[in-house]
Amino acid sequence: MDGASILIFSESSDALVELLTVGRALCTPAGGRVTAAAIGQTATALAEHCLARGADEALVLQTTAESFPGAEELVFGLREVVRAADPDTILIGATRIGADVVARLAQALEVPCASDCMTLCRDRDGNLEVERRIYGGRFTARQVLTGRPRIASLQPNRYPKAEPVQKPHGSIRQLAVKLPPPRVRTEVSSPRARSAVDVTKAEVIVAAGRGVKKVEDLALLDALAGALGGVLAGSRPLTGDVDWLPTDRRIGLSGQTVKPNLYIACGISGQIEHIVGMKGARTVVAINNDPKAPIHAEADYTIVGDLYEIVPAFLEACERAKRA
Amino acid sequence: METADASPLNILVCVKFVPDPNQLQADANGRPDLARAPFRISTFDENAIEAALQLSARHGGRVYGASIVTGQMPPRDVLLRALAMGLEALYLIKDETALAADPYRLAAALAAATRAILFAEKIPSWDLLICGEASADQYNAQVGPRLAVALDLPAIPYATRLEVRHGRVVANRAVDGRSETLETNLPALVTVGTEINQARMPTVLQVMGAGRKPIRDIPLAELPGFDAQTLGQRPSLRTIDVSAPPSARKRVTIEGKNAAELAAQLLSRLRADGEVKF
């Protein structure tokens, strides 16, 4: 097929420059262009960020509203961008907002879309062939997406971020579109407490799951993380059902995707939601007293035992070794 | 304090019955052995039913379930389980030709189903549609937001707390580093995950008793307003292969007589691999 035309969108600048890498890869060898869509109060800055990293064009829908536009307004804006850019492929970062936006956009354009893709490439007919994890991450589906535009969302923090280029060549095109008044009104919006550490950059992660009985017990796992020069993270039950850890330390589909060298899962059963987020770890240790827990199949080293006995013993062994 | 208004709510919950991913094994060819996996209500859909029942307990009204059944019919005890939780009736939209196999078609089928059920139950309109935020098998996380667009309803995905006040739904959620309280007018659609509640577990007796409640089958092709032919020709998301990724994991079980021995074994393994530098 000749010159691909790829539109990328994410409200997160980190995710956006990853999409730039993926979009560029989809262009070769037939050539093509990657256009970034930027919508919202910080749209122009986002657009410049992309152009500096080699995007061919940025379509900007600058808004003055104080709050970030909601999914419905973003989709309204994106439809205008799609009309202007006429892309054959749209890539969207699968943050939680992005997952909502991509589904609504695809429905509005009356086309299918592929969520949370791990890999994507073109097949001989120019359709998108993607790989996704299904059935709790235990299986991989290969799927083919047809139509125009073909829409896919990609897990953030999975692809290299596009680097700044020597000679940016792209230009900004402003779109004069007034977003509709939101039907869903924001009464309160406040940033959640952020962790001092970024789990996506950690080399060692000790992750806590439902097997941890009390919030105070996290201190034990935190101490182990400290001894290994790593950080403490958690699965969805500990970062959502109860608020024992901030959500930016949640590993999994609705949280962070991590690639540490060492990942120690303590009292984590290993649901789909979680596995997808830690699958990229180099070495995985599972400590769980349930021999049937699915996490064991995802681990290099498995200990079937009570984390309340194993973790203190392992921490002690580490400290003894460090002293020696 | 604001008082909850008394008008009863008609709520429809979209339910998917899935092979339990945690009990799904690969067959000899590395394909999922769907015939041998027990079925269950998709995890977040249980939370969706629970959320609907809690609102209904507070405001009155009725909670119905709708499910598109593609391929294998879920076992009756799993269907009864959904009814035993407290659904008024369960509508099964039977998709024997697997037309609704991607979220785009699934949402179109559900949109038509919402209207068909209104008509069958002689309800003027839905106040609230509740979906799980994603299904436990495919995890596309598309159907809820798509259904809202198809029905032109305002939507609040990822609700962690729900309240209905004077014709509005108020929801809390935490997304991408922010805590939000959102509100919109009814009718609306919300999606929920595990955070919102602990879904009730019906007893065996309740499940047996639910046999008296109606399960109504509607063939997909007979849904009014559902144009199977046109939809069949639209672009698609087609699965060409499903396989268990070859596990690169060592899957070594550490053996030992006690915690200290296990810990020492683990440490020596991790040192040998270079993952622990001391």
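Calculation rules
Every chain begins its residue count from 1, and numbering advances along the sequence as written. To label them, take the chains in the order written and letter them from A, then take the ligands in the order written and number them from 1. For this predicted model, a pLDDT threshold of at least 70 governs which residues receive local features, and a threshold of 80 or more governs which side-chain atom pairs are given and counted, while totals over whole chains, interfaces and linings are taken from all residues. Neither water nor hydrogens contribute to the side-chain values; these are computed over all heavy atoms in the structure. In this entry, domain limits derive from an automatic or database-based domain assignment. As a working definition, buried area equals the accessible area (1.4 Å probe) given up by two parts on being put together, with both sides summed. Whenever Lys or Arg places a side-chain nitrogen within 4 Å of a carboxyl oxygen from Asp or Glu, that contact is recorded as a salt bridge. Any pair of N or O atoms that falls within 3.5 Å is considered a polar contact. Within protein, one atom must be able to donate a hydrogen and the other to accept it, and sequence-neighbouring residues count only if both atoms are side-chain atoms. When residues are grouped by polarity, Ala, Val, Leu, Ile, Met, Phe, Trp, Tyr, Cys and Pro land in nonpolar, Asp, Glu, Lys and Arg in charged, and all others, Gly among them, in polar. Secondary structure elements are defined from DSSP: runs of H or I of at least 4 residues count as helices, runs of E of at least 2 residues count as strands, and each element is numbered from the N terminus. Residues are treated as being in contact if the distance between any of their heavy atoms lies within 4.5 Å. Like-charged residues within 9 Å of one another, or nonpolar side chains (Val, Leu, Ile, Met, Phe, Trp, Tyr) within 5 Å, are grouped into patches, provided each residue has over 30% relative accessible area and no salt bridge. The method behind every accessible area is Shrake-Rupley, applied with a 1.4 Å probe, and residues are considered shielded solely by the protein chains displayed. DSSP bridges decide pairing: two strands pair if at least two such bridges lie between them. One less than the residue count of a helix, multiplied by 1.5 Å, gives the span that helix is expected to have. Burial classes: relative accessible area under 20% of the type maximum marks a residue as buried, over 50% as exposed, and values in between as partly exposed (1.4 Å probe, protein chains only). In this description, the arc belongs to the directions extending from the helix axis to the C-beta atoms. Any two of the Phe, Tyr and Trp rings considered here, Trp counted by its six-membered ring, make a pair once their centres fall within 6.5 Å; the pair's planes then place it as stacked at under 30 degrees, edge-to-face at over 60, or tilted in between. Axes, fitted as lines to C-alpha atoms, cover a helix only where it is in contact. Angles between the N-to-C directions of the axes lie from 0 to 180 degrees. Each crossing gets its hand from how the near helix is turned against the far one by less than a right angle, where anticlockwise is left-handed and clockwise is right-handed. Residue types Ala, Val, Leu, Ile, Met, Phe, Trp, Tyr and Cys, when buried and joined through side-chain atoms within 4.5 Å, form a set referred to as a nonpolar core. When the strands point away from the viewer and the path from the first strand over the helix to the second turns clockwise, the crossover is right-handed.

A. Looking closely at the domain arrangement of chain A. All names here are of chain A. Considered domain by domain, chain A is made up of domain 1 (4–174) and domain 2 (199–323). Relative placement of domain 1 and domain 2: their C-alpha centres are 32 Å apart. Ranking the residues of domain 1 by area buried against domain 2 places R133, R138 and N157 at the top, with a combined share of 45%. The tally of links from domain 1 across to domain 2 stands at zero salt bridges. For the pair domain 1 and domain 2, the number of links is three residue pairs in polar contact (both at pLDDT 80 or more). Among the residues making up the side of domain 1 that touches domain 2, the classes are represented as two nonpolar, four polar and five charged.

B. Up close: the side chain of A:R133. Mapped onto the fold, A:R133 is located in strand β7 (residues 128–134). Apart from residues no more than four positions distant in its own chain, A:R133 is found in contact with A:M118, A:F139, A:T140, A:V276, A:K279, B:Q138 and B:P245.

C. View of a nonpolar patch on the surface. On the surface, B:V204, B:L205 and B:M208 cluster together into a nonpolar patch covering about 380 Å² of accessible area. If you trace the backbone, B:V204 turns up in helix α5 (residues 204–209).

D. Spotlight on the interface of chain A and chain B. Listed as interface residues are 84 residues of chain A and, on the opposing side, 84 residues of chain B. Overall, the association of chain A and chain B removes approximately 7,300 Å² of surface from exposure, summing both partners, and the carbon and sulfur fraction of that is 53%. At the surface where chain A touches chain B, the tally comes to eight salt bridges. The tally of links from chain A across to chain B stands at 47 residue pairs in polar contact (both at pLDDT 80 or more). With nine residues, the single largest contributor to the side of chain A that touches chain B is helix α4 (residues 96–108) of chain A. Considered class by class, the residues forming the side of chain A that touches chain B number 39 nonpolar, 18 polar and 27 charged. Sheet analysis places strand β8 (residues 139–145) of chain A next to strand β13 (residues 237–243) of chain B, joined by six bridges and oriented antiparallel. Looking at the pairing, A:R142 lines up with B:D241 of β13(B).

E. A look at the environment of B:L151. Residues and elements named next belong to chain B. The topology assignment puts L151 in the loop between α4 (143–150) and β7 (155–159). With 67 residues separating them along the chain, L151 and A84 place their C-alpha atoms 29 Å apart. Leave out the neighbours within four places in its chain, and L151 touches A111, T114, R115 and L129.

F. Spotlight on helix α7 (residues 259–272) of chain B. Helix length check: α7(B) (14 residues) gives 20 Å between terminal C-alpha atoms against 20 Å at 1.5 Å per residue, within 8%. Considered for burial, the residues of α7(B) that qualify are B:A259, B:L262, B:A263, B:L266, B:L267 and B:L270. Buried residues of α7(B), seen end-on, are gathered within an arc of 130° and therefore sit on one face of the element. Of the exposed residues in α7(B), the ones pointing more than 90 degrees away from its buried face are B:A260 and B:A272. The elements touched by buried residues of α7(B) are β14 (262–266), β15 (283–288), β16 (301–304) and α8 (307–323) of chain A. With a side-chain oxygen lying 3.2 Å from the backbone nitrogen of B:A260, the N-terminal cap of α7(B) falls on B:N258. B:G274 sits one or two residues past α7(B) and shows a positive phi near 80°.

G. Representation of the side chain of A:S10. Residues and elements named next belong to chain A. Its place among the elements puts S10 in the loop between β1 (4–9) and α1 (13–27). Assessed through its relative accessible area of 0%, S10 is described here as buried. Within polar-contact distance, the side chain of S10 engages the backbone nitrogen of S12 at 3.0 Å. Apart from the residues within four sequence positions on either side, S10 is in contact with A15, L16, L19, L46 and G93.

H. Focus on the packing of aromatic side chains. Residue and element names in this part refer to chain B. Counting across every chain of the model gives three aromatic pairs over all chains. With centroids separated by 6.2 Å and ring planes inclined at 75°, the aromatic side chains of F44 and Y139 adopt a geometry described as edge-to-face. Separated by 95 residues along the polypeptide, F44 in helix α1 (residues 43–59) and Y139 in the loop between β6 (128–132) and α4 bring together distant segments of the chain. Residue classification places F44 among the buried positions, given a relative accessible area of 7%.

I. Layout of the packing of α1(A) against helix α2 (residues 43–52) of chain A. Residue and element names in this part refer to chain A. Two elements in contact, α1 and α2, have axes whose closest approach is 10 Å; the angle formed by their N-to-C orientations is 35°. Considering only the axes of α1 and α2, their crossing is right-handed. Every residue of α2 that contacts α1 at S13, L16, V17 and L20 is listed here: L46, H49 and C50. Its residues assigned to classes, the contact of α1 with α2 comprises five nonpolar, two polar and no charged.

J. Just the domain arrangement of chain B, in detail. We note that the domain assignment places domain 1 (9–232) and domain 2 (248–278) within chain B. For domain 1 of chain B and domain 2 of chain B, the distance between their C-alpha centroids amounts to 44 Å.

K. Expanded view of the environment of B:V149. Looking at the secondary structure, you find B:V149 in helix α4. The spacing of B:V149 and B:A111 is 38 residues in sequence and 9.6 Å in space, taken between C-alpha atoms. Once you skip the residues sitting within four places of it in the chain, B:V149 turns out to touch A:R104, A:Q107 and A:A108.

L. Highlighting the nonpolar core. B:I11, B:F17, B:I49, B:I130 and B:L162 are the most contacted members of the largest nonpolar core, which has 43 residues in total. The biggest single contributor to this core is helix α2 (residues 76–85) of chain B, with seven residues. Counting residues in each nonpolar core, the second largest holds 38 residues, with A:Y301, A:L315, A:A321 and B:A263 among its members.

M. Seen up close, the pairing of β15(A). Residue and element names in this part refer to chain A. Most of β15 is tucked away, with six of its six residues classed as buried. The two faces of β15 match: T283, V285 and I287 on one face and V284, A286 and N288 on the other face are all buried. For the segment spanning β14, helix α7 (residues 272–278) and β15, crossover handedness is right-handed. Both β15 and β16 contribute to a ladder of four bridges, which runs parallel. Following the sheet pairing, V285 is matched in β16 by Y301.

N. Broad picture of the pattern of salt bridges. Per the stated rule, a full pass over the model turns up 38 salt bridges over all chains. The salt bridge partner of B:R36 is B:D33, with a shortest N-O separation of 3.2 Å. When its relative accessible area of 16% is taken as the criterion, B:D33 is described as buried. With a shortest N-O distance of 3.3 Å, B:D273 and B:K250 are connected by a salt bridge. On the criterion of sequence distance, the pair formed by B:D273 in the segment after α7 and B:K250 in the loop between β13 and β14 (252–253) is long-range, its members being 23 residues apart. Taking relative accessible area as the criterion, B:K250 reaches 45% and is therefore assigned partly exposed. If you follow the salt bridges from partner to partner, you end up with A:R96, A:R236, A:R250, B:E133 and B:E195 in one network.

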